[in-house]
Amino acid sequence: MNCEDAKYKCQLLIDDELNEEEIAPLMGHLESCYKCRDEYIGLLKLRRKLNGIKGPAPDEEWFENLSRNKGRRFAGGAGFILMVVSWLLLAGYALYSLFSDSGEGLFIKIVVAAAVVSVIVLFITALTDRIKESKTDKYKGVIK
Ligand SMILES: [Zn+2]
């Protein structure tokens, strides 16, 4: 076996792709040739280093934080919707009871109606702004 052959077979041995019957002749060459032995040792060290490197996979804590954030965002969204719906129902009820009940004066009715309508308009503009913002949000999907 010459040195060029041995170097090639060293690589195969490191990669665990060398045939069983070729291992003994290679070892014989490595025992007698210090150049190939050094090369083999260098390859072995490199392989050990590569095996020791872990991939850039995130750890368990990262995944846990991600799901926790999702839950919190869902709760925040549900709370916002619930608040809007309850406010609209309350405003509707206030308007209905005010106009079905004739005990109050017309001035009071107009003032309360204006207040309720202004709150509803504010809610609707805030809601549409929020929807518009979420559509063009360049940080969408970024964990806060
Ligand atoms: Zn050699």
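Residues numbered from 1 in each chain as written. Predicted model: local features only at pLDDT ≥ 70, side-chain atom pairs only at ≥ 80, totals over all residues.

**Remarks on the overall build of the protein chain**
Helix and strand counts for the protein chain stand at 5 helices and 0 strands. Moving toward the C terminus, one meets the helices and strands of the protein chain in the order α-α-α-α-α. Partitioning the contacts of the protein chain with sequence separation of at least 6, the portion at a separation of at least 24 is 55%. (Helix = DSSP H or I, 4+ residues; strand = E, 2+ residues; numbered from the N terminus. Contact = placed C-beta atoms within 7 Å.)

**A look at the UniProt feature "transmembrane region" (unreviewed entry) in the protein chain**
UniProt's entry tags residues 74-94 and 106-128 with the feature "transmembrane region" (unreviewed entry), counted in the numbering of this structure. The straight-line gap between the two end C-alpha atoms of residues 74-94 is 30 Å; of that span, 100% is helix and 0% is strand. (UniProt positions renumbered as here; feature names shortened; annotations may be inferred.)

**Some remarks on the packing of helix 1 (residues 3-14) against helix 3 (residues 34-52)**
Each pair of packed helices gets described by two things: the angle between the helix axes and the distance between those axes. For the pair helix 1 and helix 3, the least separation of the axes is 10 Å and the interaxial angle reads 20°. The orientation of helix 1 relative to helix 3 falls into the category roughly parallel. As for the relative orientation of helix 1 and helix 3, their crossing is right-handed in sense. Judged by residue contacts, Cys-3, Ala-6, Lys-7, Cys-10, Gln-11 and Ile-14 of helix 1 engage Lys-35, Cys-36, Glu-39, Tyr-40, Leu-43, Leu-44 and Arg-47 from helix 3. (Axes fitted to C-alpha atoms, helices over the stretch in contact; angles between N-to-C directions. Parallel < 35°, antiparallel > 145°, perpendicular 65-115°, else oblique. Left-handed = near helix turned anticlockwise from the far one by under 90°.)

**Some details on helix 5 (residues 106-136)**
When the terminal C-alpha atoms of helix 5 are compared, their 45 Å separation across 31 residues agrees well with the 45 Å that a helix rising 1.5 Å per residue should span. Little of helix 5 sits inside the fold, with 0 of its 31 residues counted as buried. (Expected span 1.5 Å × (residues − 1). Buried ≥ 20, exposed ≤ 12 C-beta atoms within 10 Å, placed from the backbone.)

**Some details on the environment of Val-117**
Of note, Val-117 is situated in helix 5. Judged by the 12 C-beta atoms lying within 10 Å of it, Val-117 is exposed.

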